[in-house]
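Understanding the architecture of this molecule
What follows is the residue order along each chain.
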Number of protein chains: 2
Amino acid sequence: MSTLPYGIFSTRTSPPRAGLKHGDVVIDLSGMERAGWFSDVKGFAGEPFSQSTLNAYMELGRPVWKEVRHIVVESLHSNPRVLHPFFAPLADCILHHPARIGDYTDFYSSYHHAFRVGSMFRGPENALNPNWTKLPVGYHGRSSSIRLSGTDVRRPKGQTPEFGATKKLDFELEMGFYIGPSSTLGTPIPIDQAEDHIFGLTLLNDWSARDIQAFEYQPLGPFTAKNFQTSISPWIVPLEALEPFRCTLPPQKEKPAEYLAEPASASFDISLEVWVNGQCVTQTNFNTLYWSMAQQLAHHTISGCDVRAGDVMGSGTISGEEPGSEGCLLEKNNGFLNDGDVVELRAYSEKRGLRVDFGPVSGRILPALI
Amino acid sequence: MSTLPYGIFSTRTSPPRAGLKHGDVVIDLSGMERAGWFSDVKGFAGEPFSQSTLNAYMELGRPVWKEVRHIVVESLHSNPRVLHPFFAPLADCILHHPARIGDYTDFYSSYHHAFRVGSMFRGPENALNPNWTKLPVGYHGRSSSIRLSGTDVRRPKGQTPEFGATKKLDFELEMGFYIGPSSTLGTPIPIDQAEDHIFGLTLLNDWSARDIQAFEYQPLGPFTAKNFQTSISPWIVPLEALEPFRCTLPPQKEKPAEYLAEPASASFDISLEVWVNGQCVTQTNFNTLYWSMAQQLAHHTISGCDVRAGDVMGSGTISGEEPGSEGCLLEKNNGFLNDGDVVELRAYSEKRGLRVDFGPVSGRILPALI
């Protein structure tokens with residue numbers, strides 16, 4: 001079974017619409033929709049696959065997503081030829097943003113990342129603030145500057161406090177999840193329902209300018225040091241595809257508040273890599289994250305904050321404990337990105353012949369504007 | 001001349017469309033558009049007033065906005081009866097969000113607010129971080145939970161670190177501006193062009209839970225303490241209406257970097273008030289802000305971050321120096337909001353018979369969910 005990630009594609013002769021990547025073809029979901037393939041799916045309403053984003057489909061919820069995937073997977077297994085009329089060669093497709101992202105939130109959920117960076121700033125004794133083990137620390141990011149993999153990255157300028165181009169341009173290896181369906185203002189999402197609001201995952205690079213960040217981040221957090229660009233995959237891997245790779249979280253250092261108490265296995269075994277100029281510089285795993293996506297979402301909404309289908313929530317930099325598993329250059333303490341460097345994130349899950357593939361998510365550094 | 005703020009309205013029998021408030025009527029701009037009133041305006045394209053948000057109109061730019069306003073103002077002066085066919089009684093109108101807000105940013109640009117709050121946390125010697133006088137500190141807020149004036153506010157829950165309903169619910173008296181037209185990723189907006197990207201202003205209340213904020217804000221800034229709701233006016237006051245009230249910024253304590261150097265008068269004389277349960281508790285003025293809107297926008301984009309028509313940028317709490325001019329209860333050090341309290345922000349500019357009116361922006365506190 002292939003990953004079958006969702007995306008939005010067009011061709012030279014047809015407008016943007018929804019599809020599933022299947023090897024080197026895209027399965028045209030809008031064509032299947034028009035041909036009535038989903039008309040018996042309970043809750044399937046409107047023409048969600050014939051729109052230029054997946055937002056409407058993300059509102060429909062897990063029972064619909066499961067049934068749609070089931071229909072496609074069964075057909076591919078039993079008689080793939082019936083789907084051939086809906087195949088478009090991937091090489092002929094133009095890929096678009098899979099969703100209209102309303103808000104982008106970024107967490108800070110990797111213990112090893114937070115501890116290593118905190119130690120650099122405040123020493124190992126005070127590496128973690130008292131809140132870190134009690135709640136998934138996060139902040140609001142900038143959605144306007146999210147771009148698809150392959151988009152170049154212009155080196156940003158800022159104050160460090162001297163004004164100029166950043167000398168400490170960094171990548172951040174992250175996974176993000178897309179919200180669906182929306183929730184209601186004033187009503188927190190209970191932790192045991194949080195995954196019902198997670199449509200799927202994307203690989204994500206939250207580019208950062210460390211010297212600008214160091215000068216600006218007190219007391220309101222990172223701002224221009226991160227808002228210049230965030231790169232994501234054009235493909236969204238549905239949670240369904242990851243079920244075979246579900247695993248437990250690492251043990252938490254203290255029992256969290258009731259609203260964050262995980263009912264079950266809440267993490268996933270996903271191998272993560274960073275390649276710079278064709279060389280692998282980092283290997284780690286999503287399963288090292290301290291806080292789960294469900295905990296992140298329960299915390300995000302405990303205040304009553306609403307979330308909307310298409311919103312993206314990043315994990316924060318994912319770093320393992322060992323040397324070579326650092327999710328950003330800051331932790332490696334061995335220099336930063338140069339103009340012309342190409343950074344590529346990769347992610348996959350693999351087990352007994354089953355393979356789920358994300359990304360890649362890549363970007364090339366352009367020199368600062370004069 | 002009246003303020004003529006822009007909004008989106010519908011009636012029981014007609015869909016959302018653009019209008020201008022004029023006393024107790026709304027001037028139906030979509031009707032004027034269909035009747036050809038704007039067909040000679042250079043750059044007026046599509047049917048921006050017949051849409052359910054002002055985003056498309058915000059893309060058109062200042063020359064169009066000026067000319068449209070000129071046409072309406074001239075008609076109201078010379079022969080208002082020609083506009084009567086486009087009048088809808090305000091009492092019959094349902095008001096909607098004036099724009100689809102992509103991203104919401106909040107600054108921290110009041111010196112007296114930053115100094116007073118900083119003194120409470122770190123003493124007067126260290127009240128301001130070294131970055132404060134060098135750049136307009138800001139952070140990304142949450143756009144999903146922005147609601148129109150009159151929407152009740154549910155008391156949020158969170159960790160302080162004890163889990164429960166906030167005991168320190170506060171208002172924040174702010175002004176916000178709407179972006180238009182959009183800018184380009186990778187290209188900063190020069191300060192002398194920044195106002196060309198400011199469509200108009202709104203009054204804004206950035207509700208805050210101070211005990212939750214104090215525990216969560218290190219190191220990435222406020223998150224659930226502010227994301228539960230932000231209240232705005234349904235009306236946007238165009239920059240054109242405020243020209244008679246333009247004034248200079250207070251003297252800046254040090255010369256900012258070149259990209260923040262203001263070319264001219266960059267502030268506005270706008271009286272601001274907070275009323276709690278019918279009693280005025282705060283009086284101050286927009287002209288006390290240290291950083292201008294143009295400086296905020298130039299800084300926001302210096303990294304290359306793009307902005308989109310409809311984005312909102314808040315000033316941060318606006319406080320004067322004197323007792324009675326504090327823009328939030330935290331600074332008054334005299335208790336916080338109770339369930340049932342009604343907070344109303346008011347704003348106006350007045351001079352020689354000319355009056356520009358914002359708001360009001362109000363909200364009533366509902367008890368926390370059990």
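As the structure is a computational prediction, the values presented were derived from the model and not from experiment.

Cut-offs and rules
- Numbers given for residues are sequential positions, taken from 1 along each chain in its written order.
- Each chain takes a letter, starting from A, and each ligand takes a number, starting from 1, following the order in which they are written.
- In keeping with the model being predicted, local features are shown solely for residues with a pLDDT of at least 70 and side-chain atom pairs are shown and tallied solely at 80 or more, while totals for entire chains, interfaces and linings include all residues.
- Hydrogens and water are ignored here; the side-chain numbers use all heavy atoms of the structure.
- A residue counts toward the fit only if its pLDDT is at least 70 in both copies, and the copies are then superposed by least squares on the C-alpha atoms of those residues.
- Only DSSP runs of H or I with at least four residues qualify as helices, and only runs of E with at least two residues qualify as strands; both kinds are numbered from the N terminus onward.
- Residue contacts follow a heavy-atom distance rule, with two residues in contact if any of their heavy atoms lie within 4.5 Å.
- Each helix should span, by expectation, one fewer than its residue count multiplied by 1.5 Å.
- The buried label goes to any residue with under 20% of its type's maximum accessible area, the exposed label to any with over 50%, and the partly exposed label to all in between, with areas taken from a 1.4 Å probe on protein chains only.
- Only strands that DSSP links by at least two bridges are regarded as paired with each other.
- Under this scheme, a helix contributes an axis fitted over its contacting stretch, all axes are lines through C-alpha atoms, and angles between N-to-C directions fall in the 0 to 180 degree range.
- Working definition: a ring pair exists when centres of Phe, Tyr or Trp rings (six-membered ring for Trp) sit within 6.5 Å. Plane angles under 30 degrees give stacked, over 60 give edge-to-face, the rest tilted.
- Geometrically, a lysine NZ or arginine CZ counts as sitting over a ring once it is within 6 Å of the ring centre and also within 35 degrees of the ring normal.
- As a per-residue measure, pLDDT tells how confident the predictor is, with possible values from 0 to 100.
- Side-chain atoms within 4.5 Å link the members of a nonpolar core, which is a set of buried Ala, Val, Leu, Ile, Met, Phe, Trp, Tyr and Cys residues.
- Accessible surface is computed with a 1.4 Å probe, and the buried area is the amount of it that two parts give up when combined, taken over both parts together.
- Salt bridge criterion: a side-chain nitrogen from Lys or Arg within 4 Å of a carboxyl oxygen from Asp or Glu.
- As used in this structure description, the phrase polar contact means that two N or O atoms lie within 3.5 Å; if the pair is within protein, one of them must be able to donate a hydrogen and the other to accept it, and residues adjacent in sequence are counted only when both atoms belong to side chains.

1. What to know about the relation of the copies chain B and chain A
- Least-squares fitting of chain B to chain A yields an RMSD of 0.0 Å, with the transformation described by 0.0 Å of translation along the axis and a rotation of 180°. Here the symmetry operator amounts to a two-fold rotation axis. Ranked by how close their C-alpha atoms come to the rotation axis, the residues of chain B are headed by B:Gly221, at 2.1 Å.

2. With respect to the environment of B:Gly324
- With respect to the helices, strands and loops of the structure, B:Gly324 is situated in the loop between β22 (312-314) and α8 (329-332).
- The contact partners of B:Gly324, leaving out residues within four places of it in the chain, are B:Val281, B:Thr282, B:Gln283 and B:Lys332.

3. Quick notes on helix α4 (residues 111-122) of chain A
Residues and elements named next belong to chain A.
- Taking 1.5 Å of rise per residue, the 12 residues of α4 would be expected to cover 16 Å, and the 15 Å separating its terminal C-alpha atoms lies within 8% of that figure.
- Listing the buried residues of α4 in full gives Tyr111, His112, His113, Ala114, Arg116, Val117, Gly118 and Ser119.
- Those residues of α4 that are buried are in contact with α8 (329-332).

4. A short note on the sheet that holds strand β5 (residues 94-96) of chain A
Residues and elements named next belong to chain A.
- Spatial strand order, β4-β3-β2-β1-β5: five strands in an open sheet with antiparallel pairing. The sheet is open, and its two edges are formed by β4 (87-89) and β5, each paired on a single side. Each strand axis lies, on average, 45° off the axis of its neighbour in the sheet, ignoring direction.
- When strand β1 (residues 6-11) meets β5, the two strands line up antiparallel, connected through three bridges. Looking at the pairing, serine 10 lines up with isoleucine 94 of β5.

5. Points about the packing of aromatic side chains
- For the structure shown, the criterion picks out 32 aromatic pairs over all chains.
- Look at B:Phe38 and B:Phe44: their rings are 5.4 Å apart centre to centre, the planes differ by 40°, and that puts the pair in the tilted class. Each member of the pair, B:Phe38 as well as B:Phe44, carries the same accessibility label: buried.
- Here a set of aromatic residues connected by ring pairs shows up, and it is made of A:Tyr6, A:Phe38, A:Phe44, A:Phe49, A:Tyr57, A:Trp65 and A:Phe199.
- Positioned over the ring face of A:Phe245 is A:Lys351, at 5.5 Å from the centre of the ring.
- Above the face of the A:Tyr348 ring, A:Arg355 is positioned so that its terminal group lies 4.4 Å from the ring centre.

6. With respect to the confidence of the model for chain A
- Put simply, chain A has an average pLDDT of 96, and 99% of its residues get 70 or more.
- Interface predicted TM-score (ipTM) for the complex: 0.97; the corresponding pTM is 0.97.

7. Here we look at the sheet that holds strand β1 (residues 6-11) of chain B
Residues and elements named next belong to chain B.
- In spatial order, the strands read β4-β3-β2-β1-β5; together these five strands make up an open sheet with antiparallel pairing. Each edge of the open sheet is held by one strand with a lone partner, namely β4 (87-89) and β5 (94-96). Adjacent strand axes in the sheet meet at a mean angle of 45°, parallel and antiparallel pairs treated alike.
- Where β1 meets strand β2 (residues 14-22), five bridges bridge the pair, whose relative direction is antiparallel. Along β2, the bridge assignment pairs isoleucine 8 with alanine 18.

8. Some thoughts on the nonpolar core
- Counting residues in each nonpolar core, the largest one holds 66 residues, and the members touching the most others are B:Met175, B:Leu201, B:Ile270, B:Phe286 and B:Phe358.
- For B:Leu201, the contacting residues outside a window of four places in its chain are B:Met175, B:Gly176, B:Phe177, B:Trp235, B:Ile236, B:Val237, B:Leu239, B:Leu242, B:Ile270, B:Phe286, B:Met293 and B:Phe358.
- Listed in part, the 65 residues of the second largest apolar core include A:Tyr111, A:Leu272, A:Ile318 and A:Val343.

9. Let's talk about the interface of chain B and chain A
- Listed by partner, the interface residues are 57 residues for chain B and 57 residues for chain A.
- Around 5200 Å² of area is buried between chain B and chain A when both sides are counted, 58% of it from carbon and sulfur atoms.
- Summed over the shared surface of chain B and chain A, the result is six salt bridges.
- Taking the shortest distance from any N to any O, the salt bridge between A:Arg147 and B:Asp306 comes out at 2.9 Å.
- The tally of links from chain B across to chain A stands at 34 residue pairs in polar contact (both at pLDDT 80 or more).

10. Here's the deal with the pairing of strand β23 (residues 342-351) of chain A
Residue and element names in this part refer to chain A.
- The sheet contact formed by strand β20 (residues 271-276) and β23 spans six bridges and is antiparallel. The residue of β23 that forms the bridge with serine 271 is tyrosine 348.
- As judged from the four bridges shared by β23 and strand β25 (residues 361-366), these two strands associate in the antiparallel manner. By the bridge assignment, valine 343 is partnered in β25 with glycine 363.
- Pairing of β23 with strand β24 (residues 354-357), which is carried by four bridges, proceeds in the antiparallel orientation. Considered in β24, the bridge of serine 349 is made with valine 356.

11. Here we look at the pattern of salt bridges
- The full count for this structure, using the stated rule, is 40 salt bridges over all chains.
- Between A:Arg142 and B:Asp103 there is a salt bridge whose closest N-O contact spans 3.5 Å. Taken as a pair, A:Arg142 in the loop between β7 (138-140) and β8 (146-148) and B:Asp103 in the loop between β5 and β6 (104-107) lie in two separate chains rather than in one.

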